[in-house]
Amino acid sequence: MSAKPDPLPAELDAWLASQADKDLLRFITCGSVDDGKSTLIGRLLYESHVLFDDQLAALEQDSRRLGTQGGELDFALLVDGLAAEREQGITIDVAYRFFATEHRKFIVADTPGHEQYTRNMVTGASTAELAVILVDARKGVLTQTRRHSYLVSLLGIRRIVLAVNKMDLVDYSEQAFRSIEREYREFAAQIGLSDIVAIPLSALRGDNVIEAAGTMPWYRGPTLMAHLDVVPPPQRGAVRPFRMPVQWVNRPNSEFRGFAGLVAAGSVRVGDPVVALPSGRSSRVARIVCGSKDAAEALAGQSVTLVLEDEIDVSRGDMLAAAASPAAVSDLFEATIVWMSEEPMLPGRPYLLKCGTRMVSATVAPLKHKINVNTLEKLAARQLELNEIGVVNLSTDQPLAFDPYVDNRDTGGFILIDRISNGTVGAGLLHASLRRAQDLHWQTLDIDQTARAAQKNQRACVLWFTGLSGAGKSTIANLVEKRLFGLGRHTYLLDGDNVRHGLCRDLGFTDADRVENIRRVAEVARLMTDAGLIVLVSFISPFRAERALARSLLGPGEFFEIFVDTALAEAERRDPKGLYRKARAGQIRNFTGIDSPYEPPESPEIHLDTRALSSEEAAEAIIQHLRKAAVIDREWVFIP
Amino acid sequence: MSKLSHLSRLEAESIHIMREVVAECAHPVMLYSIGKDSSVMLHLALKAFYPAPLPFPLLHVDTTWKFREMIAFRDATARRLGLQLLVHVNQEGVAMGINPFDHGSAVHTDVMKTQGLKQALDRHGFDAAFGGARRDEEKSRAKERVFSLRSAQHRWDPKRQRPELWRLYNTRLTKGESLRVFPLSNWTELDIWQYIYQEGIEIVPLYFARERPVVERDGALIMVDDERMPLEPGERPQMRKVRFRTLGCYPLTGAIESDAETLPAIIEEMLASRTSERQGRVIDRDGASSMEKKKQEGYF
């Protein structure tokens, strides 16, 4: 047997102590059947001396009986597990392998590369921190290479090893290797992968797997094993704000009430202020119980039990988070879903959604699009089939505390469970809340103005048209509403004359009645703004005080006073409804401009001079202003 | 910012798995086989739920052919830690006089262990059973899920196993189904020994080398643990310094000759050894893919 025994450490106790500091790195290998992936993993296991004599004897036997290497050791047989797949000669599931180097232990997720096994690759990638992507040096970057890279990138892996295998079959050509590396880097950059180390190797012959190959003197980089041994581990959320989904409430007696969970991000110390989500109740950490001992601090990745200073209501499914930067809470999300079931995913059907430790009911809105994993094209689709990936909006029946998946896998990844079969039918990544507010804590769980407006793709506000009768307010307001309607915005036009037929039918034209008239209209406009609408109010509203009252009912930036400015003489000349004539004749009392004052705005948001502008031009000026003020100009942007 | 060692991460993962089961399953149980993996699993469970007592009982399926030292260790451990211990023996098997000598390892294991386990799970209505199996033990286990779904007949169907992503486990069951849960899935044999060493976990003394009476059969050293062991003509037990790398039914468990009397010595020997621990188990050699077949039938 050629395997060398491990060198025995001289001082075993010292060696054991050093082992306690070993790091753990999880990676995934991606390649198709012919890329030599099983051979590569088999060789890593063989060369790192984790195999025993009896396993090697079995390998020799199997190699003679089933091997494809003419009786020589066929390392692929070490890792091809189930009898069914051994007969088929392909691997059909995710297998986990274990080996160690000087500084690290490794868990390898070994996944097959067939298109129909997107499900397996996504599963393996979900826990991996690095990906080894195998390419056959004779074939170069193939469709499947792109697919594997996309899936790995989607699942948040940023460190890539491009293993260009079978270099022995291209005469160890540097040119062949460089050209593959160049092509891959170009492609990878498009999907956000830049941390790439390319290694030319031959898994079959062992070149550059563990030992540097004499066959490729032009390559001066590390061997695969050497690179895996020293590649810096990812941050693992250590620098992010504290997060811990509560798994279980530990309450053995009235003296102790602790919240057990695995720290998903950041760290927490005794005394730190924390907030429970989604309730928003806050407290401080009184004790950190780790095993049977108390600790001063808990780090990301540790399973601990936290005791809080206050008796606040916390149960399984809640999240404890840093009070200063809590996770977002929402019940409406944009997400990517990978479908894993033979039964298609149907929008509108409720599934169970498990995220962190919380289980809620989720319904998917009609698909935005699905993604062709080979070309990355976005395609229209009504449902998702097995191994398909789509982008959706989904709503949950209860609020969920989460972080975007790119920030944290454990608080942003979820699975979907079929309610009837109880099978795991899908996996997903939460990208963003579709609620607008940045700090969506418990206050914002209720549907508020921002949420309603967000649903309508707009910012709610009031466009308050003021000016003399006959100035053209209603004409312009009407044109503006048409423009907004055409832009897909949700509006409502409150016109002075129309309101007086109903809501204000009991009011006359005395000053008091005019004030009350404006107060009512302002209140209605406020309610409609709260409903998320862009409200156009076309009222003479002659008094500054009432316009100021209306302004005060709304938030900053939500009230646009639009002065439709026309000289009295011009308005009187137009007199579209014959009112000036009647007023001059004394048939109408308290008519603005004739026997009741008009107080022009001192600093309106928009000042329209109707002598210089046509109604269309005036409407256009308003639309331009709204774009500048970001009421309508920017497309809805998801909040990460 | 100190990073977590591999043992800390494995520990945290195992504890997380156990807490998920306790939070989501109605009636869990821990299968306790008395071996070193069971000792580690029990130690992790005590940590996971501290200061609460273990929120589930231990179940030992006793084939009646375990080493006497194992039974003594089992009872002492349960007493010392105040654990609820259930011991189940397949009485039908006992009535039939099933034993490894007359019926062979396959029949003995099936009746006394596999059938016995199913009986016990059915009798108590457990919906989740923790087992100490690891993925590195054997090729067919490399693809086993952490949460392994079993039918009402306790069978394992590869097609019905659920994808396991991130730390999200689906514990939902349809009537009659149950889960076998393996919190040590990602541990290797070396991890287990290092953890026992680091945490000072008590294990059955049979793991340490001592003079013991053995006979050599088919290349394996079998300890004569009691008078039920029928000796072949001319066979005479010899005292040899041996230890066990794995513990099961004494007639089916091969010892290895060793001088390792301490944990560091065991680890040292293991690093130098060229024989995998499962080789000590006679059942693995009953034909190709035998573990896979046993698993489908409901054996762990």
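See above for the structure.
Residues numbered from 1 in each chain as written. Chains lettered and ligands numbered in written order. Predicted model: local features only at pLDDT ≥ 70, side-chain atom pairs only at ≥ 80, totals over all residues.

As for the overall build of chain B
And step 1. Within chain B one finds eight helices and ten strands.
And step 2. For chain B, the C-alpha radius of gyration of 19 Å lies close to 19 Å, the compact-globule estimate for 300 residues.
And step 3. The burial tally for chain B puts 53% of its 300 residues in the buried class. (Helix = DSSP H or I, 4+ residues; strand = E, 2+ residues; numbered from the N terminus. Rg over C-alpha atoms; globule rule 2.2 N^0.38 Å. Buried ≥ 20, exposed ≤ 12 C-beta atoms within 10 Å, placed from the backbone.)

Remarks on the interface of chain B and chain A
And step 1. Between chain B and chain A, the contact holds 56 residues from the first and 58 residues from the second.
And step 2. Contributions of two or more residues to the side of chain B that touches chain A are made by helix H1 (6–24), helix H2 (36–49), helix H6 (189–199) and helix H7 (263–272) of chain B.
And step 3. Sort the elements by how many residues they give to the side of chain B that touches chain A and H1 of chain B lands first, with eleven residues.
And step 4. Residues of the side of chain B that touches chain A, tallied by class, amount to 24 nonpolar, 16 polar and 16 charged. (Contact = placed C-beta atoms within 7 Å. Nonpolar A, V, L, I, M, F, W, Y, C, P; charged D, E, K, R; others polar.)

Some words on helix H8 (residues 174–190) of chain A
Residue and element names in this part refer to chain A.
And step 1. When the terminal C-alpha atoms of H8 are compared, their 25 Å separation across 17 residues agrees well with the 24 Å that a helix rising 1.5 Å per residue should span.
And step 2. Along H8, the residues classified as buried are Phe177, Ile180, Tyr184 and Ala188. Buried residues of H8 fall within an arc of 70° about the axis and therefore sit on the same side. Of the exposed residues in H8, the ones pointing more than 90 degrees away from its buried face are Gln175, Arg182, Glu186, Ala189 and Gln190.
And step 3. Of the surrounding elements, those touching the buried residues of H8 are strand E4 (130–136), helix H7 (143–154), strand E5 (159–165) and strand E6 (195–200).
And step 4. Where H8 terminates, the next one or two residues include Gly192, which has phi positive at roughly 80°. (Expected span 1.5 Å × (residues − 1). Arc of directions from axis to C-beta.)

A word on the sheet that holds strand E4 (residues 128–130) of chain B
Residues and elements named next belong to chain B.
And step 1. Across the sheet, which stays open at both edges, the six strands sit in the order E3-E2-E1-E4-E6-E5 with mixed pairing between neighbours. Among the strands making up the open sheet, the edge pair consists of strand E3 (85–88) and strand E5 (147–150). Strand after strand, the sheet turns through a mean of 30° between neighbouring axes, direction not considered.
And step 2. Across three bridges, strand E1 (residues 28–31) lies against E4 in parallel orientation. Bridge pairing links Pro28 to Ala128 in E4. (Pairing = 2+ DSSP bridges. Axes fitted to C-alpha atoms, helices over the stretch in contact; angles between N-to-C directions.)

Section: the packing of helix H6 (residues 118–126) of chain A against H7 of chain A
Residue and element names in this part refer to chain A.
And step 1. Running from N to C, H6 and H7 point in directions that differ by 40°, and their axes come no closer than 9 Å. Looking at the two axes, H6 sits oblique to H7. Judged by the sense of rotation from one axis to the other, the crossing of H6 with H7 is right-handed. Across the interface between the two elements, Thr118, Met121, Val122 and Ala125 from H6 touch His148, Leu151 and Val152 from H7.
And step 2. For the contact of H6 with H7, a count of residues per class yields five nonpolar, two polar and no charged. (Parallel < 35°, antiparallel > 145°, perpendicular 65-115°, else oblique. Left-handed = near helix turned anticlockwise from the far one by under 90°.)

On their own, these measurements won't tell you what the molecule is for.
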